[in-house]
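# Examining the three-dimensional arrangement
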Amino acid sequence: MNILEEIKGASTIGIGGHLRPDGDCIGASMGLYLYLIKACPEAKVEIFLEKPADVFSCISKIDQIHTDFATEVEQFDVFIALDTSKERLGEARGYFEHAKKRINIDHHVSNSGCGDVDHIRPKASSTSELVYEMIGDKSLIDEEIAKALYIGIIHDTGVFQYSNTSPATLKIAAELVAYGFDFSKLIEETFYEKTYVQTQILGRALLESILFMNGKCVVSMVDKKTMKFYKAQPYDLEGIVSQLRNIKEVECAIFMYQLDTLEYKVSLRSGGKVDVAKIASFFGGGGHKRAAGVTMQGTFHDIVNNLSAHIDAQLKEIGKQAED
Ligand code: AMP
Ligand code: MN
Ligand code: MN
């Protein structure tokens, strides 16, 4: 897909991504935004996302993001949903649904496509990688566009560590780095660096984690009271689930934080055996084979029980296949 061909003739273009946007969602959306305002100077291009975390303020023109949404829905000639299907667009969903042409660009295996034109590639490391591929005329890419897309790629690949990193990902990253930004500073400041509060909550979540299913699973939870005590936002909890997954012999890590009395945002990570996208999809969420998420209702124990039944069933099935 060449993005310029898909938006040909459009004079208003909207861009949106998922709720609680992560590095890939922000990098892909901002990379595409920066490219389109350059490639289509006559068009009105607008970007809608929930407020990005402060670490992303190094991305050029990030202040152009509309974080509060007009009550009256504007009709765009084209609206592009990135890194999600329409269900998680939040308040931008109305813009997407009312647009004359809807384009959906994503890499989640759980997304079957929701646009008039879909570009869903579960093998891609990130939506940022897809955006780079869709820019036909690479001569318009500059350092700022390259930096935004690179941030997206490093966040979704855990700095090229996760198995979604392919030779194509590394080749694209090499091409992006050639634009000259300080990539090592970017990795340090947007990925590894944590605030004191983030580090404290991480420590607490690790300390309170519970190992179960003979050490194959680990779970930890942060409740609303704790979030309030630390004045923590959801993005302050990013990375906790990956730390839990690093525990030796753990096949599946569960991390959840409380949204409401009987409602939790659940993150699942797998070492490769368990397909967590399948489990998250069963409960109405989605994601990738080794990283998925879902919002679930019930008590902490109900949720752990429901999830572990699925994890256990998958591990037993794998065990059976190995015996055959
Ligand atoms: P998280 O655990 O929130 O970091 O999410 C892990 C992966 O699953 C990311 O690629 C998310 O975009 C995706 N994901 C998280 N929650 C959902 C959901 N409710 N529906 C679909 N995909 C999700
Ligand atoms: Mn994402
Ligand atoms: Mn992504």
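Read on for a plain summary of the structure. Every residue gets a number counted from 1 within its own chain, in the order that chain's sequence is written. Chains and ligands are labelled by the order in which they are written, letters from A for the one and numbers from 1 for the other. Confidence filtering applies because this is a predicted model: local features only for residues at pLDDT of at least 70, side-chain atom pairs given and counted only at 80 or more, and all residues used for totals across whole chains, interfaces and linings. Where side-chain values are given, they derive from all heavy atoms of the structure, hydrogens and water being excluded.

Secondary structure summary: the protein contains twelve helices and eleven strands in total. Atoms counted for the radius of gyration: C-alpha only. Globule rule: 2.2 Å times the number of residues to the power 0.38. At 20 Å, the protein has a C-alpha radius of gyration in line with the 20 Å of a compact globule built from 324 residues. Viewed in the frame of its principal axes, the protein has a C-alpha envelope of about 60 × 45 × 45 Å. A simple rule labels every residue: compare its accessible area, found with a 1.4 Å probe on the protein chains alone, to the largest value its type can have, and call it buried under 20%, exposed over 50%, or partly exposed in between. Counting all 324 residues of the protein, 49% fall into the buried class. Contact criterion: two residues are considered in contact whenever any of their non-hydrogen atoms come within 4.5 Å of each other. Contacts in the protein between residues at least 24 apart in sequence constitute 62% of all its contacts with a sequence separation of at least 6. Only the protein chains shown count as cover for residues, with accessible areas throughout obtained via the Shrake-Rupley method and a probe of 1.4 Å. When the accessible area of the protein is evaluated, it comes to approximately 15,400 Å², of which 50% is carbon and sulfur surface. His residues and chain termini do not enter the charge count, which takes Lys and Arg as positive and Asp and Glu as negative. Charge placement uses NZ in Lys and CZ in Arg. For Asp and Glu, CG and CD serve respectively. If the 35 positive side-chain charges of the protein are averaged to one point and the 46 negative ones to another, these points end up 4 Å apart. Counting from the N terminus, the helices are the DSSP runs of H or I reaching at least four residues and the strands are the DSSP runs of E reaching at least two.

Atoms are scored as donors when they are N, O or S and lie within 2.8 Å of the metal, with 3.2 Å used for Na, K and Ca; no water is included, so coordination may look incomplete. Surrounding the manganese ion (ligand 2) are the protein donor atoms H18 (NE2), D22 (OD), D22 (OD) and D83 (OD), at 2.1 to 2.7 Å. Each donor residue of the manganese ion (ligand 2) lies on one chain, and together they are spaced H-x3-D-x60-D. Between the manganese ion (ligand 2) and the manganese ion (ligand 3), a separation of 3.6 Å is found, and both are coordinated by D83. Of this pair, H18 sits in the loop between β1 (12-16) and α2 (23-39) while D83 sits in the loop between β3 (78-82) and α3 (93-98), and the two are 65 residues apart along the sequence.

Moving on, we come to the site of ligand 1. By convention in this text, a residue qualifies as near a molecule or strand provided that one of its non-hydrogen atoms is within 4 Å of it. Inspection of the region around ligand 1 gives 13 residues, with R88, H108, K265, S267 and R269 positioned closest. Interatomic distance of 3.2 Å between a backbone N/O atom of G286 and a nitrogen atom of ligand 1. For this analysis, a polar contact is any N or O atom pair within 3.5 Å, provided that within protein one partner can donate a hydrogen and the other can accept it, and provided that sequence-adjacent residues contribute only side-chain to side-chain pairs. Here G293 contributes a backbone N or O atom positioned 3.4 Å from a nitrogen atom of ligand 1. Here ligand 1 has 480 Å² of accessible area as a free molecule, and 81% of this is covered by the chains.

On to the coordination of the manganese ion (ligand 3). Looking at the manganese ion (ligand 3), the protein donor atoms are D24 (OD), D83 (OD), H107 (NE2) and D156 (OD), and they sit 2.1 to 2.3 Å from it. Summarised as a motif, the one-chain spacing of the donors to the manganese ion (ligand 3) is D-x58-D-x23-H-x48-D. By relative accessible area, D24 is classed as buried at 0%. When its relative accessible area of 16% is taken as the criterion, D156 is described as buried.

Now for helix α5 (residues 143-157). Multiply 1.5 Å by the residue count of a helix minus one, and that product is the helix's expected span. In this model, α5 (15 residues) spans 21 Å end to end at C-alpha, consistent with the 21 Å of a helix rising 1.5 Å per residue. In terms of burial, α5 is largely enclosed, as 13 of its 15 residues are buried. Capping the start of α5 is the job of one residue whose side-chain oxygen sits 3.1 Å from the backbone nitrogen of E144: D142.

So, on to the packing of aromatic side chains. Only the six-membered ring of Trp is used, alongside the rings of Phe and Tyr, when aromatic pairs are assigned; centres must lie within 6.5 Å, and planes under 30 degrees apart are stacked while those over 60 apart are edge-to-face, with the rest tilted. A full pass over the atoms with the stated rule returns 13 aromatic pairs. Ring centres of F282 and F283 lie 5.0 Å apart, and the angle between their planes is 80°; this geometry places the pair in the edge-to-face category. Assessed through its relative accessible area of 57%, F282 is described here as exposed. Judged by relative accessible area, F283 falls into the partly exposed class, the value being 24%. Three or more aromatic residues joined by ring pairs make a cluster, and in this case those are F48, F76, F79, Y95 and F96. To sit over a ring, a charge needs its Lys NZ or Arg CZ within 6 Å of the ring centre and within 35 degrees of the ring normal. In this structure, K138 packs its charged tip against the face of Y132, placed 4.5 Å from the ring centre.

With that settled, consider the environment of G152. For G152, the location among the structural elements is in helix α5. Taking relative accessible area as the criterion, G152 reaches 0% and is therefore assigned buried. Taking C-alpha positions, G152 is 17 Å from P167, a pair spaced 15 residues apart along the chain. In this structure, G152 is in contact with G23, D24, G27, S126 and S128, ignoring residues within four places of it in sequence.

Glancing now at the side chain of T84. Structurally, T84 can be placed in the loop between β3 and α3. With a relative accessible area of 2%, T84 lands in the buried category. Once residues lying within four places of it in the same chain are set aside, the contact partners of T84 are G17, H18, L89, N104, I105, D106, H108 and N111.

Any functional reading would require information that these geometric values do not contain.
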